[in-house]
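Coordinates in review
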Amino acid sequence: MNIDIVKIFGWFVVLILAQVFVLNHIHLFGVATPLLYIYFVFLFRRNMPQWGSLLWAFIMGLIIDTFSNTPGVSSASLTLIAAVQPFVLRPFVPRDSAEDLQPGVNTLSYVQYLWYAATLTFIYNLVFFSLEMFSFFNILTWLECIGGSTLLTLLLILVIEHVRSRV
Amino acid sequence: MHNLTEFLAKYKHWFLFVLLEVISMVLLFRFNNYQGSVWFTSANIVAGQVYEISSEATSYLTMGKANKELTQRNLLLEQEVKKLNEILYAKTHDAKYKQRGQYRFLSSFKLIDAKVVSNSLDKAENFITINKGSWDGVRKDMGVACGNGVVGVVYLVGIHHSIVIPVLNSKSNISCSLQGRNYFGYLHWKGGAKDVAYLDDVPRHAKFKLGDRVVTSGYSSIFPAGILVGKVKHVYNSEDGLSFRIAVQLSTDFGNLRDVCVIDDASIRQQKQVIDAATDSIKQLGTDYNTTE
């Protein structure tokens, strides 16, 4: 249990640092920004208490917001993702799996994991960019941002999952 | 009662969820509408420090280009000063004339040097964080400029850091005029290109050429008159056809911004007080008329 908290905290710090110093400065074709920090929520185990995952997600969102001058935007979207994560995960879990299953390409299959990650990433980007563009709405930019960032984020997450499954 | 507590215990995570979402929304709308909170932006101490360290590290990488730019600018200014000196001496035959004027001019300003610690370019609402705050004398609505021209206006002030709304923000609104012609308008940014902004509300009878210099007008209570903004690049008709909209090629390179200064102008503050007093008294006048009618 304690090892688990240390691991979660490790991911928490690493993902925030990567996002703030590297990934926030990437804008592929002016639209696609990888929002890798949502991978943190994907890692939550199946039996993790809901209040715990909500709080972790909210605090992470708040820190990301503080650094990128978007108060409330990612904390709201990340909390939402943490709330729906168990429901998105449920259909993809094999029947005879462990109670504390951690979603990954090892525990689910590649295809199942892809669907799980794609659904969550898409919901996140949809909410995130809708909130961010509140005052400056342009439907084309909105769609481009959602599409571009979803693809790029998903690609990065799959690469990380692939590497982790080999180790 | 027992049922109620059971109900609360069972669904406690949903209450937590709603609570956290409400907090997020409050933060979102407060930041956009009301300038009270600096805590969850990069003007707070911790985030500001972290950005400062990272920007110091990266500043070494761009030092060469910055140096070159400064040297070029210096050369240009030196030539200009020499030329102006000659003209001035020819007119007045008084070698001390300029010095006296300069002291008068400088004593009315205080310039606060600051470094940019974080900067964004690609959003609709870009912000710049600088490493000076209320302890260094920065206050809200002060103007910020760099060696090449206007940068923006101070928006939020923390203890050691502040957030600036640069020209590249849809909320930015700076009063500018065409140098030497004195027609004025308001500078807005419409997203997209990082080096072009639009000067709206220039009257249709205004005469000017492409390439004319656009400077701050000094009518707003933020910038003194005559700070360079850019050059006229293109002219359009406004949507209602009543005025010109001028595309301005900005002289400031927002992608490569490091040293800026905040302009603290005592005379501007006095001017603002007078304007505020005037608007108040006009409002008073209006209500007086309404009551007598």
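In this report, the structure presented in the accompanying data block is examined. (Residues numbered from 1 in each chain as written. Chains lettered and ligands numbered in written order. Predicted model: local features only at pLDDT ≥ 70, side-chain atom pairs only at ≥ 80, totals over all residues. Heavy atoms only, no water.)

Thoughts on the pattern of salt bridges
Where we set the bar: Salt bridge criterion: a side-chain nitrogen from Lys or Arg within 4 Å of a carboxyl oxygen from Asp or Glu. We count a stretch as a helix when DSSP gives it H or I for four or more residues in a row; a strand needs E for two or more, and each element gets its number in order from the N terminus. A 1.4 Å probe rolled over the protein chains alone gives each residue an accessible area, and that area as a share of the maximum for its type sets the label: buried under 20%, exposed over 50%, partly exposed in between.
Inspection of the entire model under this criterion finds six salt bridges over all chains. Here A:E161 ties to A:R164 by a salt bridge, and the two come within 3.6 Å at their closest N and O atoms. Of this pair, A:E161 and A:R164 both sit in helix 6 (residues 139-166), three residues apart, which is roughly one turn of that helix. Classification of A:R164 by relative accessible area gives partly exposed; the value is 31%. Between B:D259 and B:K115 there is a salt bridge, with the nearest N and O atoms lying 3.4 Å from each other. In this pair, B:D259 sits in strand 12 (residues 259-265) while B:K115 sits in strand 1 (residues 109-119), placing the two residues 144 residues apart along the sequence. Using a relative accessible area of 49% as the deciding quantity, one classes B:D259 as partly exposed.

A look at the packing of helix 3 (residues 50-68) of chain A against helix 3 (residues 45-59) of chain B
For clarity, the cut-off: In this analysis an axis means a line fitted to C-alpha atoms, helices contributing only their contacting stretch, and an angle means the value between N-to-C directions, from 0 to 180 degrees. When an angle is under 35 degrees it counts as roughly parallel; over 145 it counts as roughly antiparallel; between 65 and 115 it counts as roughly perpendicular; any other value is oblique. What makes a crossing left-handed is the near helix being turned counterclockwise from the far one by less than a right angle; a clockwise turn instead makes it right-handed. In this description, contact between two residues means that some pair of their heavy atoms is separated by no more than 4.5 Å. Amino acid classes used here: Ala, Val, Leu, Ile, Met, Phe, Trp, Tyr, Cys and Pro are nonpolar; Asp, Glu, Lys and Arg are charged; the rest, including Gly, are polar.
Where helix 3 of chain A contacts helix 3 of chain B, the axes come no closer than 10 Å and their chain directions differ by 60 degrees. Between helix 3 of chain A and helix 3 of chain B, the crossing angle belongs to the class labelled oblique. Note that helix 3 of chain A runs across helix 3 of chain B; the crossing there is right-handed. Where helix 3 of chain A abuts helix 3 of chain B, its residues A:T66, A:F67 and A:S68 lie against B:A47, B:V50 and B:Y51. Its residues assigned to classes, the contact of helix 3 of chain A with helix 3 of chain B shows four nonpolar, two polar and no charged.

Here's the deal with the packing of aromatic side chains
Let me state the cut-off plainly: Any Phe, Tyr or Trp ring, taking Trp's six-membered ring, that has another such ring centre within 6.5 Å forms a pair; planes under 30 degrees apart are called stacked, those over 60 apart edge-to-face, and the others tilted. Working rule: Lys NZ or Arg CZ, within 6 Å of ring centre, within 35 degrees of ring normal, means a charge sits over the ring.
Tallied over the entire structure, the rule returns 17 aromatic pairs over all chains. Measuring from centroid to centroid gives 5.3 Å for A:F40 and A:F44, while their planes differ by 70 degrees, and the two rings are edge-to-face. The buried category is assigned to A:F44, whose relative accessible area is 2%. Centroid distance B:Y198 to B:Y236: 6.3 Å. Interplanar angle 50 degrees. Geometry classified as tilted. Here B:Y198 is found in strand 8 (residues 196-203), whereas its partner B:Y236 is found in strand 10 (residues 228-237), with 38 residues between them in sequence. Following the ring pairs from residue to residue traces out a cluster consisting of A:F9, A:F12, A:F40, A:F44 and A:W56. Positioned over the ring face of B:Y198 is B:R245, at 5.7 Å from the centre of the ring.

Quick notes on the interface of chain B and chain A
Test applied: When two parts are put together, the accessible area they lose, computed with a 1.4 Å probe and summed over both, is reported as buried area. Any N or O atom pair separated by 3.5 Å or less is treated as a polar contact, with the protein-specific requirement of one donor-capable and one acceptor-capable atom, and with residues adjacent in sequence counted only for side-chain atom pairs.
With 33 residues of chain B at the interface, the matching set in chain A holds 28 residues. In total, chain B and chain A occlude about 2700 Å² of area from one another, counting both sides; carbon and sulfur atoms represent 73% of this. In this assembly, chain B and chain A are joined by zero salt bridges. Connecting chain B to chain A are four residue pairs in polar contact (both at pLDDT 80 or more). Looking at which element gives the most residues to the side of chain B that touches chain A, the answer is helix 2 (residues 12-33) of chain B, with 14 residues. When its residues are assigned to classes, the side of chain B that touches chain A shows 18 nonpolar, nine polar and six charged.

Thoughts on unusual backbone geometry
Residue and element names in this part refer to chain B. Here the phi dihedral of D141 falls at roughly 70 degrees; this positive angle occurs in a residue that is not glycine. Summarising the element assignment, D141 is placed in the loop between strand 2 (128-130) and strand 3 (143-146). Judged by its relative accessible area of 34%, D141 is partly exposed.

A word on the sheet that holds strand 11 (residues 243-250) of chain B
Residue and element names in this part refer to chain B. As a reminder, the rule being used: Paired strands, as defined in this entry, are two strands with at least two bridges between them according to DSSP.
Judged by pairing direction, the barrel is antiparallel, and its six strands sit side by side in the order 6-7-8-11-10-9 before closing back on the first. Averaged over all adjacent pairs, the angle separating strand axes in this sheet is 40 degrees, with direction ignored. Of the pairings in the sheet, the one linking strand 9 (residues 213-216) to strand 10 comprises three bridges and is antiparallel in character. The residue of strand 10 that forms the bridge with V215 is L228.

Notes on the sheet that holds strand 5 (residues 162-166) of chain B
Residue and element names in this part refer to chain B. Pairing in this closed barrel of six strands is antiparallel, and the strands run 1-2-5-4-3-12 around the ring. Averaged over neighbouring strand pairs, the angle between their axes works out to 45 degrees when direction is ignored. For strand 2 and strand 5, the ladder comprises three bridges, and the chain directions are antiparallel. In the sheet register, T129 faces strand 5, and the bridge partner there is I163.

Some points on the pairing of strand 12 of chain B
Residue and element names in this part refer to chain B. Most of strand 12 sits inside the fold, with six of its seven residues counted as buried. Sheet topology places strand 1 next to strand 12; seven bridges connect them, and they run antiparallel. Considered in strand 12, the bridge of K110 is made with D264. The pairing of strand 3 with strand 12 spans four bridges and is classified as antiparallel.

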